[in-house]
Amino acid sequence: MPEYQGGQSQLLADIGKTVVYPAIAKAEKLEGRVFVRFIVTSNGSIQAAEVTKGVEYNVTYPGEGGKQMTTKIITPAAQALNESALNAVRNLPGKWAPGRQDGKAVDVMYTVPITFSLK
């Protein structure tokens, strides 16, 4: 398993310092959790960061034959939260110690949840 310089508590602290709560999301009082997945490579760098589950709305409506249909909607404010979480991970200041398998450094997929909450 890869490890962030300073451990899990330092990773969370750095995300907290790096993440920016978008003004549009604050104005709409939008909160939520964004899951960002990325690869910690065998040299300790981050690659292929992506949002695997972001802030979105499920809208249910009557479809053909009265069957309930569901559509996911991502508002501009929700998109801003998703992008902010992704940027926070991409811009982490700390280094990663790569994961190891059989004594060799290997690429490992890692997911981190980032919660946006107005207090």
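A few points on the structure.

What counts, and at which threshold
Residues numbered from 1 in each chain as written. Predicted model: local features only at pLDDT ≥ 70, side-chain atom pairs only at ≥ 80, totals over all residues. Heavy atoms only, no water. Helix = DSSP H or I, 4+ residues; strand = E, 2+ residues; numbered from the N terminus. Buried < 20%, exposed > 50% of the residue type's maximum accessible area, 1.4 Å probe, protein only. Salt bridge = Lys/Arg side-chain N within 4 Å of Asp/Glu carboxyl O. Expected span 1.5 Å × (residues − 1). Pairing = 2+ DSSP bridges. Axes fitted to C-alpha atoms, helices over the stretch in contact; angles between N-to-C directions. Contact = heavy atoms within 4.5 Å.

Take unusual backbone geometry next. One non-glycine residue with positive phi stands out, namely Ala 48, at about 55°. Topologically, Ala 48 is positioned in strand β3 (residues 46-53). For Ala 48, a relative accessible area of 54% puts it in the exposed group. The backbone of Asp 102 sits at a positive phi, close to 55°, despite the residue not being glycine. In this fold, Asp 102 is placed in the loop between β7 (99-101) and β8 (104-106).

Let us now look at the pattern of salt bridges. Enumeration according to the criterion identifies two salt bridges in this entry. With its nearest N and O atoms 2.5 Å apart, the salt bridge here joins Arg 37 to Glu 50. Of the two residues, Arg 37 is situated in strand β2 (residues 32-40) and Glu 50 in strand β3; the sequence distance between them amounts to 13 residues. For Arg 37, a relative accessible area of 29% puts it in the partly exposed group. Its relative accessible area of 34% is what places Glu 50 among the partly exposed residues. The partner of Lys 72 in a salt bridge is Glu 56, with the nearest N and O atoms 3.5 Å apart. With a gap of 16 residues between them, Lys 72 in strand β5 (residues 68-73) and Glu 56 in the loop between β3 and β4 (57-62) connect regions that are remote in the sequence. Residue Glu 56 is classed as partly exposed on the basis of its relative accessible area of 29%.

In this fold, Pro 113 is placed in strand β9 (residues 108-116). Exposure remark for Pro 113: the relative accessible area of 42% places this residue in the partly exposed category. When the C-alpha atoms of Pro 113 and Gln 10 are compared, they prove to be 15 Å apart, with 103 residues separating the residues in sequence.

Another point: helix α3 (residues 76-90). For α3, built from 15 residues, the straight-helix expectation of 21 Å at 1.5 Å per residue is met to within 8% by its first-to-last C-alpha distance of 21 Å. For α3, the full list of buried residues reads Ala 77, Ala 78, Ala 80, Leu 81, Asn 82, Ser 84, Ala 85, Leu 86, Ala 88 and Val 89.

What follows deals with the sheet that holds β9. Within a sheet, neighbouring strands are paired by backbone hydrogen bonds and run either parallel or antiparallel to one another. The antiparallel open sheet is built from three strands, whose spatial order is β3-β2-β9. In this open sheet, the two edge strands, each paired with only one partner strand, are β3 and β9. Within this sheet the neighbouring strands show an average axis-to-axis angle of 25°, counted without direction. Across five bridges, the pairing between β2 and β3 is antiparallel. The partner of Phe 35 across the bridge, within β3, is Lys 53. Running over the sheet, α3 touches β2, β3 and β9 and is turned about 35° from β2.

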